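Chain by chain, the residues run as shown.
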Amino acid sequence: MSTTYSSNDVLNAIAAASKALSARKEEVNRLNVFPVPDGDTGTNMSLTIESVVSNVARLPIGASGAEIRKAITTGALMGARGNSGVITSQILRGLCEGSAGAEALTTETVAAAFEKAVEVAFQAVRKPVEGTILTVLRDSGAAAVDARKANLSTVDAIECIVAEAYASVQRTPELLPVLKENGVVDAGGFGLAILLDSFAAALLGKDGTMVDELAFARTAAPKVEIEQINDWEGSAYRYCNEFLVDSEVLDPADALEFLATMGDCELCVGSAPKFKVHVHSNHPDQVLAYFLERGQISEVFIHNMQLQSAERTEKLAAEQAAEHKPLGFVAVAAGEGNAEILRSLGVDVVVSGGQTMNPSTKDLLDAVGQVNADAVVILPNNSNIIMAAQSACELSEIPCGVVPTKSVPAAFAAMFAIDPDASLEDNVAEMTEAFAEVRTGEVTCAIKDSKDAHDNPIHEGDVIGIADGAIEAVGSSVEDVVMGLLEAMEAEDADTLTLLAGEDMADEDFAALVERIEEAYDDLEIDSHRGEQPLYPIVLSVE
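Presented here is a report on the structure given in the accompanying data block.

Parameters and conventions
- Residues numbered from 1 in each chain as written.
- Predicted model: local features only at pLDDT ≥ 70, side-chain atom pairs only at ≥ 80, totals over all residues.
- Heavy atoms only, no water.
- Helix = DSSP H or I, 4+ residues; strand = E, 2+ residues; numbered from the N terminus.
- Buried < 20%, exposed > 50% of the residue type's maximum accessible area, 1.4 Å probe, protein only.
- Contact = heavy atoms within 4.5 Å.
- Polar contact = N/O pair within 3.5 Å; in protein donor to acceptor, adjacent residues only side chain to side chain.
- Pairing = 2+ DSSP bridges.
- Right-handed = clockwise from strand over helix to strand, strands pointing away.
- Salt bridge = Lys/Arg side-chain N within 4 Å of Asp/Glu carboxyl O.
- Axes fitted to C-alpha atoms, helices over the stretch in contact; angles between N-to-C directions.
- Parallel < 35°, antiparallel > 145°, perpendicular 65-115°, else oblique.
- Left-handed = near helix turned anticlockwise from the far one by under 90°.
- Core = buried A, V, L, I, M, F, W, Y, C linked by side-chain atoms within 4.5 Å.
- Arc of directions from axis to C-beta.
- Nonpolar A, V, L, I, M, F, W, Y, C, P; charged D, E, K, R; others polar.

### Overview of the environment of glycine 354
- On the secondary structure map, glycine 354 appears in the loop between strand E6 (349-352) and helix H16 (361-370).
- Judged by its relative accessible area of 10%, glycine 354 is buried.
- A sequence separation of 52 residues divides glycine 354 from lysine 406, and the C-alpha atoms of the two residues are 9.6 Å apart.
- When residues no more than four places from it in sequence are discounted, the contact partners of glycine 354 are Val332, Pro359, Asn382 and Ile385.

Encoded structure:
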């Protein structure tokens, strides 16, 4: 049974996978327990995939399959960072080569693509190690081949591949002793499972992920509390070297032999005229000199892994030394400015999200797990996130409560009502009461024709002001709509106005707006900040 997907479907799925890994890169980074961190696995893999997305975005509409595959492989090679990134680039290259000429996505073509990916990725590594990303790739490829033998449908085959990827990740501690010693799974393998899962879910039109990650996390364990490892004395090499080489004469086999005399973790991948080189060595000068004699080099990155290891150990020590407290807080917010304000008010973990990008129950549950406290309060800050927050509380092993805030300004008011000596239940009640008098307004642009709260017409592109869910002001400028919104919200009777500027609001325009409000409302205390939220140039509250 074949299923047809357009090139656009595939590219959108790649973009979705990139976004998913980027959102979880720190989760992957924390699994890296090796004394030579060689960068951060999640970050390196994420940067590699982001380079792919950026490269394919430059393609013209209607690009051929061959052009798309070339853009993917070139983007991955050019953007690869660290060992994990380079290996990821070779996995993508193999998948593209293995699917060349395929007119439809079938169980047969998927199996062929994975077979080639396994071949190319293993060829790139001189000394493959079991219990790593290569093991997860090989096991996923075996699942693809088994699906072909069993004549499974394309959808069933993809689901089997994703399930096997996670199962393989769970087995990595049994294959690599350092993982088992530290109670974690392999970082690169877990990153690959996330990529496969999110790509497959997007391609098949499924919400979220295909695997029950909550069950996965409870059994195998990407643990977040890991031992500090600070045994650099046993490491032979100090510098991680990676760069691109443009050459028509470079022989990758000869280059690898040379790199093996310089250090370890050597990689030389690609084909004339573009190659990617990676090696751990104490002599970056000699490494660069060798390749300069054979071509031109660019995008040179030389990392001091000894300093990197020390910084990572210091960071883990600080995290583990964080003071345990009776009550912790998790809040959802979009925009770094809003996140900074919430943290300054005592929020321990800020989950990125809000309108159009609601975090999942698992996202919130993971955030609760990061808080070093006896009990945790969740502030969802959006009506669409309240149910997910309540579900997280029900699933959490740590006592949790939800303060059902529907906006970031409401969360500000709630945080001022905390009583550190009171119980979780009493704090939830007091915080909920504290934001009850806060009225929230939001300014954005209409994306389609509609009507406001008074049945007046709204046209696509109009600036609209929303007060507690009702469209109360419509106009052509943000400033005018804010003034109309304040009138509708009876700001003259309020004591305090909080203004949060969005990422698209220029500083000078924000200052002019504040000045206009001050002139119109003499007795109103104005508290203005850069919230940096997307889509909404202004979010405000009156109380």
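### Let's talk about the side chain of glutamine 533
- Assignment of secondary structure puts glutamine 533 in the loop between strand E15 (525-530) and strand E16 (538-542).
- Judged by its relative accessible area of 5%, glutamine 533 is buried.
- A polar atom in the side chain of glutamine 533 sits 3.0 Å from the backbone oxygen of tyrosine 536.
- Excluding residues within four positions of it along the chain, glutamine 533 makes contact with Ala334, Gly335, Asn338, Leu500, Ala501, Gly502, Glu503, Ile538 and Val539.

### A word on the pairing of E6
- With four bridges joining them, strand E5 (residues 325-333) and E6 adopt parallel strand pairing. Residue pairing in the sheet places alanine 333 in a bridge with serine 352 of E6.
- Tracing the backbone out of E5, into helix H15 (residues 336-344) and back to the parallel element E6 gives a crossover that is right-handed.

### Quick notes on the pattern of salt bridges
- Under the counting rule described, the total for this entry stands at 23 salt bridges.
- One salt bridge in this structure joins aspartate 507 and arginine 530, with 2.8 Å as the shortest N-O distance. One end of the pair, aspartate 507, is in helix H21 (residues 507-520); the other, arginine 530, is in strand E15, and 23 residues separate them in sequence.
- Residue classification places arginine 530 among the partly exposed residues on the basis of a relative accessible area of 24%.
- Three or more residues are tied together by salt bridges with common partners; here these are Glu130, Arg138, Asp139, Glu164 and Arg171.

### Quick notes on the sheet that holds strand E2 (residues 263-271)
- The sheet built from four strands is open, its strands ordered E2-E3-E1-E4 with antiparallel pairing. The strands lining the two open edges of the sheet, one partner per strand, are E2 and strand E4 (296-304). Taking each pair of neighbouring strands and ignoring which way they run, the sheet shows an average axis angle of 10 degrees.
- Both E2 and strand E3 (residues 274-281) contribute to a ladder of seven bridges, which runs antiparallel. Across the sheet, glycine 263 pairs through a bridge with serine 281, a residue of E3.
- Against the sheet, helix H4 (residues 65-79) makes contact with strand E1 (239-246), E2, E3 and E4, and its axis sits at roughly 30 degrees relative to E3, the strand it touches most.
- Docked against the sheet, helix H12 (residues 252-262) engages E2 and E3, running at close to 165 degrees with respect to E2.

### Observations regarding the packing of H16 against helix H17 (residues 386-395)
- One can describe the packing of H16 onto H17 by two numbers: an axis separation of 8 Å at closest approach and a directional angle of 50 degrees. With respect to H17, the element H16 is oriented oblique. Once H16 is placed against H17, the crossing between them reads as right-handed. Residues Thr361, Leu364 and Leu365 of H16 form the contact with H17, whose own contacting residues are Ala388, Ala389, Ser391, Ala392 and Leu395.

### A few points about the nonpolar core
- Residues Ile72, Ile91, Leu137 and Phe190 are the most contacted members of the largest nonpolar core, which totals 60 residues.
- Excluding residues that lie within four positions of it along the chain, isoleucine 91 makes contacts with Ala117, Ala121, Ile133, Leu137 and Leu192.
- Residues Val347, Phe412, Ala414 and Leu424 belong to the second largest nonpolar core, which totals 28 residues.

### Considerations on helix H19 (residues 424-434)
- When H19 is considered as a whole, its buried residues turn out to be Leu424, Asn427, Val428 and Met431. End-on view of H19: buried residues confined to an arc of 100 degrees, all on one side of the axis. Of the exposed residues in H19, those oriented more than 90 degrees away from the buried face are Glu425 and Glu433.
- Where the residues of H19 are buried, they touch E5, strand E7 (373-379), strand E8 (400-402) and helix H18 (408-415).

### Comments concerning the packing of helix H3 (residues 41-57) against helix H5 (residues 82-98)
- Packing of H3 against H5 brings their axes to within 7 Å, and their N-to-C directions diverge by 40 degrees. Considered as vectors, H3 and H5 are oriented oblique to each other. Crossing of H3 against H5: the hand is right-handed. Between H3 and H5, the contacting residues are Thr41, Asn44, Met45, Thr48, Ile49 and Val52 on the first element and Gly82, Ser84, Gly85, Thr88, Ser89 and Leu92 on the second.
- Partitioning the contact of H3 with H5 into residue classes produces four nonpolar, eight polar and no charged.

### Considering the environment of aspartate 254
- As for its placement among the helices and strands, aspartate 254 is situated in helix H12.
- Taking relative accessible area as the criterion, aspartate 254 reaches 41% and is therefore assigned partly exposed.

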